[in-house]
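A structural walkthrough
Spelled out from the first residue to the last, the chains are:
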Amino acid sequence: MITLGNEDAFETYAAELSVATQAEAGCLSYHLHRHLNQKGVYVFVEEWASRQVWEQHMSGEAIRAFNRQLPAGTIAHIEIHPLEQIA
């Protein structure tokens, strides 16, 4: 969830993050979605070759740069839900 009023900045930097991330080894897909009816709610849907590769991404330069660019207080709440494809 993004603090109201910071959506434009978030979307700008998240778009840059998406481009950088899609170029990372082991990234199979990486897309940002915006909730249609609830302002400030976004979901990254990511697919990685392995959990280890995802963990490297989470501590990598693209994420660090993204976090440095965001205005303080932009992210109001974050949840990470690791999923496993079964079918």
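Structure's up top.
Presented here is a report on the structure given in the accompanying data block.

Rules used throughout
- Residues numbered from 1 in each chain as written.
- Predicted model: local features only at pLDDT ≥ 70, side-chain atom pairs only at ≥ 80, totals over all residues.
- Heavy atoms only, no water.
- Patch = residues over 30% accessible without salt bridge, like charges linked within 9 Å, V, L, I, M, F, W, Y side chains within 5 Å.
- Areas by Shrake-Rupley, 256 points an atom, 1.4 Å probe, with all protein chains shown as cover.
- Salt bridge = Lys/Arg side-chain N within 4 Å of Asp/Glu carboxyl O.
- Helix = DSSP H or I, 4+ residues; strand = E, 2+ residues; numbered from the N terminus.
- Buried < 20%, exposed > 50% of the residue type's maximum accessible area, 1.4 Å probe, protein only.

**What to know about a nonpolar patch on the surface**
Together, Met58, Ile75, Ile78 and Ile80 give the surface a local cluster of nonpolar side chains, amounting to about 350 Å² of exposed area. Within the element layout of this structure, Ile75 appears in the segment after helix 3 (61-69). For Ile75, a relative accessible area of 35% corresponds to the partly exposed category.

**Considering the pattern of salt bridges**
Side-chain pairs of opposite charge can arise where the charged atoms are in close proximity. Tallied over the full model, the rule gives 4 salt bridges. Measuring nitrogen to oxygen at the nearest pair gives 2.7 Å for the salt bridge that ties Glu11 to Arg34. One end of the pair, Glu11, is in helix 1 (residues 7-22); the other, Arg34, is in strand 1 (residues 27-34), and 23 residues separate them in sequence. On the basis of relative accessible area, Arg34 is assigned to the exposed category, the value being 54%. For the salt bridge of Glu61 with Arg68, the shortest nitrogen-to-oxygen distance reads 2.8 Å. Residue Glu61 is classed as partly exposed on the basis of its relative accessible area, which comes to 42%. Relative accessible area serves as the criterion here: at 56%, Arg68 is assigned to the exposed category. Through salt bridges with shared partners, a single network forms among Glu61, Arg64 and Arg68.

By themselves, these observations are geometric and do not establish any function.
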